[in-house]
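Structural description and commentary
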Amino acid sequence: MNRRDQERTAAELLATFGPAVSTRPPGRQRPDGRSARLNQRAAPRRGFARPGYGWSPVAAPLQVYQAGTHEIGGLFPLLAASPLPAVGARMGYDVHSGGAFYLHPVEFVLRSICTNPNMVLFGEPGRGKSSTVVAFLLRMMLTGVRTLISGDVKGEYTPLLDALGVTPIMLGRGSTARLNALDLGPLAARWDAWSTERQCDELDGVLGRWVQLLVALAEAQGYQPTVTDEAALSAVLRQLLGVSDGYTRLAPITIPDVHRMLSEPDEQLWSSLRFAGRRQFLDHLRSITDALANLISGPLAGLFDAATNFTVDWDAPIQSLDLSRLRTRGDQAVAVALTCLGSWSSLATDLQEDGELRIVVRDEIWRQLRLGLRAVQAVDSELRLSRAERKIQVLVSHKPGDFLSVGATGSQEVAIARDLLALCSIRVLLGQSTRVASELADVLALSDKEQEATTGWANDRQGRALWKIENRTGLKVQTVLSRIERQIFDTNAQLVRKPNPLPGNDMMATSL
């Protein structure tokens, strides 16, 4: 086959931008016998027979095509350029203009294109969500932006880490890695260098996160914590840390320590909380004590209730906490694990103080949101602080119903979950069914053309998506992957039968 046979014709090229184009039928005649013309031609086909007017002795054998401007842009690139600046990760091309499409959420905020750097992606399985996210992460590394995967439920990011020579942190079956949900992280190392005022401020923030985490874990098991529960947890955490005793260094604590203090309180604890006696304290806090006990002896036993035994390399371009081995323990266990990782990663990245931008990916966010009001409030808080903490929060989900089904209709958690979408200025809408597209149009106020793009054009090819930047008109963008990237990002590889692993390999995958 020669080179000419491999080249695409103009019709084939234009067909990649939309439906097949039609050609103008030759020899169309008017009833009076003259040639039918819509516009008066500016020059004869052979040009004017004068010097400098492009005269040709033979008429160019050109085929006339008829197509819309969004389709003809691939052949005739002299159209309006993309309204977004060429900065950041080069994702693909804008099919309207034919120009390259770049994405850098922080630069968009600095140039007043949008108000926050958060992103949310919606798309049915197999439409290219993961490939688009991984391509964004990989290409942002060229600009020096690092990434933390806060819970890789399906192990889709591990091939990228392997390709970059970074070992993911595996949690779950066969792994000896442990993560303390109440880990002090960088707080312990920097505590002595801070002034007393700074210590008080940071400690209040950390205790607030931990109380939020513990009540969220209790709420996930069906118990509705009260204000008294939160006050008791805060007092227990302060006592365990040694703050109330005036110690200069913070003592490391774990969830079993909190459970032991709640089940065996001393007189100072129950009297400071104004309980009439030890019996009343135990009876009032029995439900939340039992909820914490399930974390110690339930399906997540041994994962988040012991001291952290690995070190995160914050200088690596990407780090991932892989939860793919937890899938056999049920959705509830995975959701609780995502909540623990979210709290831990927030504390770790907030106090990193390396001055670097960091991307935090929250894949399968719908699992965490379904834990209840506290889990939704935790995600809401992270999104609101992304500008101040120099983070780009990336939420990945299938459909808006994942956000709106976190509680009863009209409930507080549904209202907050709906507002989460407003806190993400960049919305990437991949192919959807007609029903889901109607939900998207309602929640994101899409126009009819934009809704049609998500149900028609975006479904024709993997990687196609409507990009809504703030309230601007949606852009049709085709993400383009290189041959090597397609091999690394191929999530369908999990469907291919793999050879049986050698005995003992399962245990060797543990990262410490």
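Residues numbered from 1 in each chain as written. Predicted model: local features only at pLDDT ≥ 70, side-chain atom pairs only at ≥ 80, totals over all residues. Heavy atoms only, no water.

1. Structural notes on the overall build of the protein chain
Within the protein chain, the regular secondary structure consists of 22 helices and 13 strands. Of all 512 residues assigned to the protein chain, the portion counted as buried reaches 49%. Considering only contacts in the protein chain between residues 6 or more positions apart, those separated by 24 or more positions represent 71%. Surface summary for the protein chain: the accessible area is close to 25000 Å², and the carbon and sulfur share equals 52%. (Helix = DSSP H or I, 4+ residues; strand = E, 2+ residues; numbered from the N terminus. Buried < 20%, exposed > 50% of the residue type's maximum accessible area, 1.4 Å probe, protein only. Contact = heavy atoms within 4.5 Å. Areas by Shrake-Rupley, 256 points an atom, 1.4 Å probe, with all protein chains shown as cover.)

2. Concerning the environment of valine 58
Mapped onto the secondary structure, valine 58 falls in the loop between strand 1 (22–23) and strand 2 (65–66). For valine 58, a relative accessible area of 59% corresponds to the exposed category. Once the C-alpha coordinates of valine 58 and arginine 46 are considered, the two residues, 12 residues apart in sequence, prove to be 6.5 Å apart.

3. Structural notes on the environment of glutamate 389
Mapped onto the elements, glutamate 389 comes out in the loop between helix 16 (373–384) and strand 10 (391–397). Glutamate 389 sits in the partly exposed class, given a relative accessible area of 21%. As a C-alpha pair, glutamate 389 and arginine 358 span 31 residues in sequence and 9.1 Å in three-dimensional space.

4. Looking at unusual backbone geometry
A negative phi angle characterises most non-glycine residues, just as the trans form characterises most peptide bonds. Backbone geometry places glutamate 364, a non-glycine residue, at a positive phi of 50°. Positive phi, close to 55°, is recorded for glutamate 470, a residue that is not glycine.

5. Comments concerning helix 16
Across its 12 residues, helix 16 extends 16 Å between first and last C-alpha, which sits within 8% of the 16 Å expected from 1.5 Å per residue. Of the positions making up helix 16, those classed as buried are Leu373, Arg374, Ala375, Val376, Val379, Asp380, Glu382 and Leu383. (Expected span 1.5 Å × (residues − 1).)

6. What to know about the packing of helix 9 (residues 227–241) against helix 10 (residues 255–263)
Interaxial distance between helix 9 and helix 10 falls to 10 Å at its minimum, and their mutual angle equals 115°. Between helix 9 and helix 10, the crossing angle belongs to the class labelled roughly perpendicular. With respect to the hand of their crossing, helix 9 and helix 10 are arranged in right-handed fashion. Side by side, helix 9 and helix 10 meet where Leu233, Val236, Leu237, Gln239 and Leu240 of the first sit next to Asp257, Val258, Met261 and Leu262 of the second. Residue composition of the contact of helix 9 with helix 10, grouped by class: 7 nonpolar, 1 polar and 1 charged. (Axes fitted to C-alpha atoms, helices over the stretch in contact; angles between N-to-C directions. Parallel < 35°, antiparallel > 145°, perpendicular 65-115°, else oblique. Left-handed = near helix turned anticlockwise from the far one by under 90°. Nonpolar A, V, L, I, M, F, W, Y, C, P; charged D, E, K, R; others polar.)

7. Examining helix 19 (residues 434–444)
For helix 19, the full list of buried residues reads Val436, Ala437, Leu440, Ala441, Val443 and Leu444. Summarising the contacts, the buried residues of helix 19 are in contact with strand 5 (119–122), helix 17 (401–404), helix 18 (412–422), strand 11 (426–430) and helix 20 (448–455). At the exit of helix 19 stands alanine 445, carrying a positive phi of roughly 55°.

8. Quick word on the packing of helix 8 (residues 196–220) against helix 16
One way to put it is that helix 8 packs onto helix 16 with a least axis distance of 8 Å and a crossing angle of 145°. Between helix 8 and helix 16, the residues in contact are Arg209, Gln212, Val215, Ala216 and Glu219 and Leu373, Arg374, Ala375, Gln377, Ala378 and Glu382, respectively. When its residues are assigned to classes, the contact of helix 8 with helix 16 shows 5 nonpolar, 2 polar and 4 charged.

9. A short note on the sheet that holds strand 10
An order of 4-3-13-12-11-5-10-9-6-8-7 is seen for the 11 strands of this open sheet, with the pairing classed as mixed. Since the sheet does not close on itself, it has two edges, and those belong to strand 4 (100–103) and strand 7 (169–172), each with one partner. Geometrically, the sheet is characterised by an average inter-axis angle of 25° between neighbouring strands, direction not taken into account. With 4 bridges joining them, strand 5 and strand 11 adopt parallel strand pairing. (Pairing = 2+ DSSP bridges.)

10. With respect to the packing of aromatic side chains
Using the criterion set out here, one finds 2 aromatic pairs in the structure. A centroid spacing of 5.3 Å and a plane angle of 80° characterise the contact between phenylalanine 275 and phenylalanine 281, whose relative ring orientation is edge-to-face. Given the relative accessible area of 11%, phenylalanine 275 is considered buried. (Phe/Tyr/Trp six-rings, centres within 6.5 Å; stacked < 30°, edge-to-face > 60°.)

11. Here we look at the pattern of salt bridges
For the structure on display, the rule yields 14 salt bridges. Among the charged side chains, a network of salt bridges with common partners joins Lys154, Glu156 and Glu364. (Salt bridge = Lys/Arg side-chain N within 4 Å of Asp/Glu carboxyl O.)

12. Focus on the side chain of arginine 464
Take arginine 464: it is sitting in strand 12 (residues 464–469). Although buried, arginine 464 forms no salt bridge, and the nearest oppositely charged side chain, aspartate 460, lies 4.1 Å from it. Engagement of the side chain of arginine 464 in a polar contact is seen with the side chain of glutamine 478, the distance being 3.3 Å. (Lys, Arg positive; Asp, Glu negative; His and termini not counted. Polar contact = N/O pair within 3.5 Å; in protein donor to acceptor, adjacent residues only side chain to side chain.)

13. Regarding the confidence of the model for the protein chain
Caution applies to low-pLDDT regions: their predicted coordinates should not be interpreted in detail. Mean pLDDT over the protein chain works out to 79, with 82% of the residues at or above the 70 mark. When the criterion is pLDDT under 50, residues 502–512 qualifies, and its contacts beyond four places in sequence or with other chains add up to 19 contacts. (pLDDT = per-residue confidence, 0-100.)

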